[in-house]
Amino acid sequence: GAGVSQSPSNKVTEKGKDVELRCDPISGHTALYWYRQSLGQGLEFLIYFQGNSAPDKSGLPSDRFSAERTGGSVSTLTIQRTQQEDSAVYLCASSVSRVRSETQYFGPGTRLLVL
Amino acid sequence: GIQVEQSPPDLILQEGANSTLRCNFSDSVNNLQWFHQNPWGQLINLFYIPSGTKQNGRLSATTVATERYSLLYISSSQTTDSGVYFCAAGSGNTGKLIFGQGTTLQVKP
């Protein structure tokens, strides 16, 4: 079946603009995660969804970052008033559920460049 | 929170050689995964292994949870094995993974 998909693949934006990144998890997966990968910080957890609720938002770096998930499927990560330090690869992952710890499957990522 | 350390940071091998990558974690875990990041940036699952031993072809992994480490073995390495290998660990109830800094492997023909 299809894996995790993300769009856009690449995004170039100007400092101060808002961006929206989209994630489509594997069909039937109830748990969804956002991570980001940057040269200076490595791979960092951002937020976890179980269904449409987000019980763990501990990794969101500032209040400019928000995420939502609708219908227990698609998720959108929004960055408001982008800054150059937001430049990174944003990765989405999904797993079957969080009843117990399970394998997370990653999408190809969105490469964000803030000029 | 959990800290994850990987060693070595860089590794250069001749094709056909064997290697062992190590991952140490600072606390008990309920999730431990190994990934290979290919040149296009895709993270590919290798193993989900919070404890025990698994094998998949030329790759195998062992996690000794009581001693807080995991090992990834690559046998008869091929040039296509090149890339970055990440270990990621999690605990608690959210499935949040903490990643190590990775081991960059280069396999020369």
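Residues numbered from 1 in each chain as written. Chains lettered and ligands numbered in written order. Predicted model: local features only at pLDDT ≥ 70, side-chain atom pairs only at ≥ 80, totals over all residues. Heavy atoms only, no water.

Novice: I'm lost on the pairing of strand β3 (residues 19-25) of chain B in this one. Help?
Specialist: Every regular strand shows the same layout, with side chains that alternate between the two sheet faces. Residue and element names in this part refer to chain B. Only one face of β3 is buried, namely the one carrying S19, L21, C23 and F25, since none of T20, R22 and N24 on the opposite face is buried. In this structure, strand β1 (residues 4-7) lies alongside β3, joined through four bridges in antiparallel fashion. Bridge assignment links E5 to a residue of β3, and that residue is N24. Relative to strand β8 (residues 69-74), β3 runs antiparallel, the two sharing six bridges. Within β8, the residue paired with C23 across the bridge is S70. (Buried < 20%, exposed > 50% of the residue type's maximum accessible area, 1.4 Å probe, protein only. Helix = DSSP H or I, 4+ residues; strand = E, 2+ residues; numbered from the N terminus. Pairing = 2+ DSSP bridges.)

Novice: So what exactly am I meant to see when it comes to the state of the cysteines here?
Specialist: Disulfide: a covalent bond connecting the sulfur atoms of a pair of cysteines. Residues and elements named next belong to chain A. Within the structure shown, the criterion is met by two disulfides over all chains. Covalently, C23 is tied to C92 through a disulfide, its sulfur atoms 1.8 Å apart. Measuring handedness by torsion sign, the sulfur bridge of C23 and C92 sits at about -65° and is left-handed. Taken as a pair, C23 in strand β3 (residues 19-24) and C92 in strand β9 (residues 88-95) lie far apart in primary sequence, 69 residues in all. Exposure remark for C23: the relative accessible area of 0% places this residue in the buried category. Residue class for C92 comes out buried when judged on its relative accessible area of 0%. (Disulfide = S-S within 2.5 Å.)

Novice: Looking at this structure, I do not really get the sheet that holds β3 of chain A. What am I missing?
Specialist: The strands that make up a sheet pair up through hydrogen bonds in the backbone, lying either parallel or antiparallel. All names here are of chain A. Strand order in the open sheet made by the four strands is β1-β3-β8-β7, with antiparallel pairing throughout. If you trace the sheet from one side to the other, it starts and ends with β1 (5-7) and β7 (65-69), each paired once. In this sheet, neighbouring strand axes are inclined to one another by 15° on average, regardless of whether the strands run parallel or antiparallel. Bridge count for β7 against strand β8 (residues 75-79) is five bridges, and the pairing is antiparallel. (Axes fitted to C-alpha atoms, helices over the stretch in contact; angles between N-to-C directions.)

What is shown is where atoms sit, not what they do.
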